[in-house]
Structures are given as C-alpha cells and as structure tokens.
Amino acid sequence: RTVETIGHSVDIIHELASGITFGAGRRNVNSIVRFMEKQNPASVGAIMRFTNLTKNQVRPALETLIAEGRLKIVKVESEGKGRPAQRYLLVEAEDD
C-alpha cells in the first residue's frame, strides 16, 4: 500500500518491514539519544522520567536504537531475587 505525503510516495509495507522509524517514533528516539548523551548507561525508568515518555514509547525507540547499532544492553548486578537489572548503553554506530 502506498500513501501520498507532501508530494512523496511512501511505501508503508517497506518501512514497517525494514524497521524504519519515522514521525513521532523518530522524535522519541532522538529524545532518548539526547538524554543518554548526558546519562549513559541508563535504565528504562530513568529514560522515562527524564524524557517524559511512557514505557510503550520508550521500548520501541530502544529497539530501534539497538537495531541501528547505536545502543547495547548491559547487565547490572542486582541485589536480591529476580532477573538481573539491565541498562542501555549508547555507543558509537559501527561503520559497515
């Protein structure tokens, strides 16, 4: 399916299949990057607090950054039971 926007044809299926983030999703990604340039690594909770994004906005943005090679997950030793805490670490994108 193709949608006309501002004189450009956008192939919706291609964008969704390739994982391209656009519109509000890209703004969320950019907000997270700006925050993480100052606070790195960071937890989902910290990202939510400082960007004013919800968990449902943060998770897809983090997945996008991981897919782009700009973010890595690091495990953090946690106290007590449960699964280990994880933080997200902003890294330089690797050149292909």
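Since this is a predicted model, take the numbers as computed values, not measurements.

Reading guide: rules and limits
Residues numbered from 1 in each chain as written. Predicted model: local features only at pLDDT ≥ 70, side-chain atom pairs only at ≥ 80, totals over all residues. Heavy atoms only, no water. 1 Å grid on protein atoms, 1.4 Å probe; cavity = no way out; pocket = protein on both sides within 12 Å on 5 of 7 lines; lining within 4 Å. Points joined across faces, edges and corners; volume = space filled by probe spheres on them. Helix = DSSP H or I, 4+ residues; strand = E, 2+ residues; numbered from the N terminus. Salt bridge = Lys/Arg side-chain N within 4 Å of Asp/Glu carboxyl O. Buried < 20%, exposed > 50% of the residue type's maximum accessible area, 1.4 Å probe, protein only. pLDDT = per-residue confidence, 0-100. Contact = heavy atoms within 4.5 Å. Phe/Tyr/Trp six-rings, centres within 6.5 Å; stacked < 30°, edge-to-face > 60°. Expected span 1.5 Å × (residues − 1). Arc of directions from axis to C-beta.

In this structure, the largest pocket occupies an estimated 180 Å³ of space. If you trace the largest pocket, you find it lined by Ser43, Val44, Gly45, Arg59, Lys75, Arg83, Pro84, Ala85, Gln86, Arg87 and Tyr88. Secondary-structure elements contributing two or more residues to the lining of the largest pocket are helix H3 (44–51) and strand S4 (85–90). Here the lining of the largest pocket takes four residues from S4, the largest share from any one element.

For the structure on display, the rule yields two salt bridges. Here Glu68 ties to Arg26 by a salt bridge, and the two come within 2.6 Å at their closest N and O atoms. One end of the pair, Glu68, is in the loop between helix H4 (55–67) and strand S3 (71–76); the other, Arg26, is in helix H2 (residues 24–36), with 42 residues separating them in the sequence. In this structure Glu68 comes out as partly exposed when scored by relative accessible area, which is 34%. One salt bridge in this structure joins Glu68 and Arg70, with 3.4 Å as the shortest N-O distance. Several salt bridges converge on common partners, so that one network encompasses Arg26, Glu68 and Arg70.

Low-pLDDT portions of the prediction should not be read for the details of their coordinates. In the predicted model, the protein chain carries a mean pLDDT of 77, and the fraction of residues at 70 or more is 71%. Ignoring residues within four places in sequence, the model shows residues 6–21, a span with pLDDT below 50, making 19 contacts including any to other chains.

According to the stated counting rule, one finds one aromatic pair in the structure shown. For the pair Phe35 and Phe50, a centre-to-centre distance of 5.3 Å together with 10° between the ring planes defines the contact as stacked. Here Phe50 lies in helix H3 and Phe35 lies in helix H2, a separation of 15 residues in the sequence. Accessibility expressed as a relative area gives 12% for Phe35, which makes it buried. By relative accessible area, which is 57% here, Phe50 ends up exposed.

Another aspect to go through is H4. Taking 1.5 Å of rise per residue, the 13 residues of H4 would be expected to cover 18 Å, and the 18 Å separating its terminal C-alpha atoms lies within 8% of that figure. Val58, Ala61, Leu62, Thr64 and Leu65 are the residues of H4 that are buried. For H4, the arc enclosing every buried residue in end-on projection is 160°, short of the 170-degree limit, so these residues lie on one face. With respect to the buried face of H4, the exposed residues turned more than 90 degrees away are Asn56, Glu63 and Ala67. Backbone geometry just after H4 places Gly69 at a positive phi near 80°.

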